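Chains, contacts and geometry: an overview
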Amino acid sequence: MSKAQETVLEIDLSALTHNFNYLKSKLQPKTKFLAVVKAFAYGSDSVAIAKHLQKLNVDYFAVAYSKEGVVLRDAGITTPILVLHPQPVNFSTIIERCLEPSMYNAKILNEFIEIAEQHSQTNYPVHIKFNTGLNRLGFWENDVDYIVNVLKKTDSIIAKSIFSHLAASEDMDEKDFTKQQIHTFHSISNEFADKIGYIPWLHLCNTSGVLNYPEAHLDMVRCGIGLYGFGNSAKEDRNLIPIASLKSVISQIHNIEKDETVGYNRAYKANGFEKTATIPIGHADGVNRIYGNKKGFVTINGKKAPIIGNVCMDMIMVNITGIDCNEGDEVIIFNPKYKASNLAESAGTISYEIITSISQRVKRSFIKY
Ligand SMILES: *Cc1c(COP(=O)(O)O)cnc(C)c1O
């Protein structure tokens with residue numbers, strides 16, 4: 001690891017390999033691995049991550065929106081890509097770029113069939129999404145007859161898989177609810193297979209589903225956060241390595257007197273003689289204002305320095321009183337030791353939010369061993 005000379009998000013591809021192998025080790029050999037690379041691969045870099053995982057022979061990718069899939073195709077990714085949340089306006093692009101849409105309601109299904117027919121497609125792969133309790137996207141259990149009838153009337157598309165999403169796979173207090181979702185998914189998929197006359201692939205588990213519900217791995221699993229190094233529990237966090245380190249430098253150090261204030265709206269007032277450091281990273285880079293006023297902190301030469309006052313667009317100020325440091329010294333916002341999940345928790349949010357917030361302004365650099 002090199003010392004940062006500016007704000008940089010350093011991505012360790014060997015950590016990605018480790019996490020991929022760890023998650024795969026939880027699966028039966030027949031279970032396929034879909035890597036979720038939506039939202040710039042959880043704030044890292046979707047192209048670099050997808051290229052690396054493609055080399056490791058990942059079976060599938062998923063993105064949220066078709067635009068994200070187009071970026072991967074433009075970069076030469078040839079692995080199948082599931083688009084989790086497509087909109088009809090993009091259906092032609094989806095077909096032209098060989099992306100595979102999730103069908104989550106009747107409107108989407110019928111409009112996609114229309115476009116697939118216009119493009120003279122036969123057996124274009126789609127993935128039928130069922131709602132089993134998250135109540136977000138998906139057909140309901142009692143829609144099976146309807147879907148099967150629609151599919152039987154066309155040869156333009158084929159149900160390559162049917163899937164659902166767990167609402168609380170990381171929360172062991174909700175085990176009964178999750179078991180019920182697994183049960184409902186089985187009854188939907190049995191009915192669907194019976195009525196359509198073939199058995200699509202079945203998939204249900206996200207990262208925490210993989211770790212907590214081995215009986216529900218089925219034909220494929222869909223892992224996001226685990227690949228990026230977070231396991232949604234202290235135990236699993238120890239088995240995974242965060243792939244991203246967000247680092248910066250000290251631009252300037254100030255010595256301030258008691259009652260002097262720091263930053264916009266004078267939100268921080270010094271309690272006595274204090275030393276502050278200004279860091280070139282702000283809310284436009286993904287350090288949300290929620291981390292201001294001592295909710296968040298950075299680490300300088302191994303010591304915790306709280307963020308004081310309000311987070312600015314391009315800067316934060318931190319209290320370095322008692323920390324031996326100089327202008328130009330490295331600042332760690334998070335890394336595998338000082339974890340993004342801890343920083344997130346200190347401000348009442350979650351690892352998913354902090355890592356996906358790192359804006360495209362921040363330079364990405366890669367470590368490959
Ligand atoms: C984002 C997403 C995932 C990945 O979830 P993780 O908790 O990050 O592993 C899986 N499936 C669906 C439908 C998703 O939207």
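These numbers come from a predicted model, not from an experiment.

To continue, consider the pattern of salt bridges. If you walk through the whole model with that rule in mind, you get 12 salt bridges. Residue K363 is joined to E6 by a salt bridge in which the shortest nitrogen-to-oxygen separation is 3.3 Å. With K363 in strand β19 (residues 363-367) and E6 in the segment before β1 (8-12), this residue pair connects regions lying 357 residues apart in the sequence. Judged by relative accessible area, which is 41%, E6 ranks as partly exposed. D285 is the salt-bridge partner of R361, the closest N and O atoms lying 2.8 Å from each other. Here the residue R361 occupies a position in the loop between α12 (351-356) and β19, and D285 occupies one in the loop between β14 (274-279) and β15 (297-300), the gap between them amounting to 76 residues. Given the relative accessible area of 47%, R361 is considered partly exposed.

Contact geometry of helix α6 (residues 106-118) with helix α7 (residues 144-152) gives a least axis separation of 11 Å together with a crossing angle of 5 degrees. As far as their axial angle goes, α7 and α6 are roughly parallel. Contacts between α6 and α7 involve A106, L109, N110 and I113 from the former and Y146, I147, V150 and L151 from the latter. When its residues are assigned to classes, the contact of α6 with α7 shows 7 nonpolar, 1 polar and no charged.

All right, on to the environment of E111 then. Tracing the sequence through the fold places E111 in helix α6. By relative accessible area, which is 28% here, E111 ends up partly exposed. In this structure, E111 is in contact with P88 and F91, ignoring residues within four places of it in sequence.

This part is about unusual backbone geometry. In this model, A41 sits at a positive phi of 50 degrees, which is unusual for a non-glycine residue. The topology assignment puts A41 in helix α2 (residues 38-43). The class for A41 is buried, based on a relative accessible area of 0%.

Along the chain, the position of H52 falls in helix α3 (residues 46-55). With a relative accessible area of 16%, H52 lands in the buried category. Side-chain polar atoms of H52 contact the side chain of T17, separated by 2.7 Å. Dropping the residues within four chain positions of it, H52 is found in contact with L13, L16 and T17.

A complete count under the given rule lists 8 aromatic pairs for this structure. For the ring pair Y42 and Y228, a centre distance of 4.6 Å and an interplane angle of 25 degrees mean the geometry is stacked. Within this pair, whereas Y42 is found in helix α2, its partner Y228 is found in the loop between β9 (220-223) and α10 (234-237), the two being separated by 186 residues in sequence. Residue Y42 shares its accessibility class with Y228, and that shared class is buried.

On to the environment of E174. Locating E174 in the fold gives a position in the loop between β7 (157-163) and α8 (175-196). Assessed through its relative accessible area of 35%, E174 is described here as partly exposed. In the structure, E174 is positioned 138 residues away from C312 in sequence and 39 Å away in space, judged by C-alpha atoms.

Rules behind the numbers
- Residues numbered from 1 in each chain as written.
- Predicted model: local features only at pLDDT ≥ 70, side-chain atom pairs only at ≥ 80, totals over all residues.
- Heavy atoms only, no water.
- Salt bridge = Lys/Arg side-chain N within 4 Å of Asp/Glu carboxyl O.
- Helix = DSSP H or I, 4+ residues; strand = E, 2+ residues; numbered from the N terminus.
- Buried < 20%, exposed > 50% of the residue type's maximum accessible area, 1.4 Å probe, protein only.
- Axes fitted to C-alpha atoms, helices over the stretch in contact; angles between N-to-C directions.
- Parallel < 35°, antiparallel > 145°, perpendicular 65-115°, else oblique.
- Contact = heavy atoms within 4.5 Å.
- Nonpolar A, V, L, I, M, F, W, Y, C, P; charged D, E, K, R; others polar.
- Polar contact = N/O pair within 3.5 Å; in protein donor to acceptor, adjacent residues only side chain to side chain.
- Phe/Tyr/Trp six-rings, centres within 6.5 Å; stacked < 30°, edge-to-face > 60°.

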